[in-house]
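# Analysis of the macromolecular model
Here is how the chains run, residue by residue.
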Amino acid sequence: MAYLILCALSGLAGGFVGRVKGSSFWLWFAVSAVLPILGVVGALLYRVDRDELRRQCESCGKVVMLHDAVCTRCGAELDFPEQAIVPESQVRLPAR
Ligand SMILES: [Zn+2]
């Protein structure tokens, strides 16, 4: 029973860390619940996608991470771009 509580708490912690880093809450909740402690550490070490430089696929126009070698939508191989797109975290969203 104590183990289940640990899993639940770990899942919540990992989920929140993942969410803050711009990833999926439920993905990291699942990882952290299955692998208590380890999952949370994994979420902490996970790269922050919102701070990564991005670029646009020349074939389909999808914006992918700069470090991606292959487009996640159309599968085109991507050369290192001449122009990168600023990270999502640096784009100011219009005020509502
Ligand atoms: Zn593409």
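Bear in mind that the values here come from a model prediction, so they are computed numbers and not experimental data.

### Structural notes on the overall build of the protein
- The helix and strand inventory of the protein stands at three helices and two strands.
- Ordered by position in the sequence, the α and β elements of the protein form the string α-α-α-β-β.
- In terms of C-alpha radius of gyration, the protein reaches 17 Å, well past the compact-globule figure of 12 Å for 96 residues.
- By principal-axis analysis of the C-alpha atoms, the protein measures approximately 55 × 35 × 20 Å.
- Counting across all 96 residues of the protein, residues that qualify as buried make up 17%.
- Taking as baseline every contact in the protein between residues at least 6 positions apart, the subset at least 24 positions apart corresponds to 36%.

### A short note on the domain arrangement of the protein
- Here the protein is described as being made up of domain 1 (2-49) and domain 2 (52-86).
- For domain 1 and domain 2, the distance between their C-alpha centroids amounts to 28 Å.

### Let's talk about the nonpolar core
- One finds Ala-13, Val-17, Trp-28, Phe-29, Val-31, Ala-33, Val-40 and Ala-43 forming the largest nonpolar core, which totals eight residues.
- When residues in this core are grouped by element, the largest group, four residues, is from helix H2 (residues 25-34).
- Excluding anything up to four places from it in sequence, Phe-29 contacts Gly-11, Leu-12, Gly-14 and Gly-15.

### Side note on the environment of Val-70
- Examined against the element boundaries, Val-70 turns out to sit in the segment after strand E2 (63-65).
- The class of Val-70 is exposed, set by 12 C-beta atoms lying within 10 Å.
- Between the alpha carbons of Val-70 and Cys-57 there is a distance of 8.9 Å; along the sequence they are 13 residues apart.
- Not counting residues within four places of it along the chain, the set of residues in contact with Val-70 comprises Gly-75, Glu-77 and Leu-78.

The rules behind the values
Residues numbered from 1 in each chain as written. Predicted model: local features only at pLDDT ≥ 70, side-chain atom pairs only at ≥ 80, totals over all residues. Helix = DSSP H or I, 4+ residues; strand = E, 2+ residues; numbered from the N terminus. Rg over C-alpha atoms; globule rule 2.2 N^0.38 Å. Buried ≥ 20, exposed ≤ 12 C-beta atoms within 10 Å, placed from the backbone. Contact = placed C-beta atoms within 7 Å. Domains from an automatic or database assignment. Core = buried A, V, L, I, M, F, W, Y, C linked by C-beta atoms within 7 Å.

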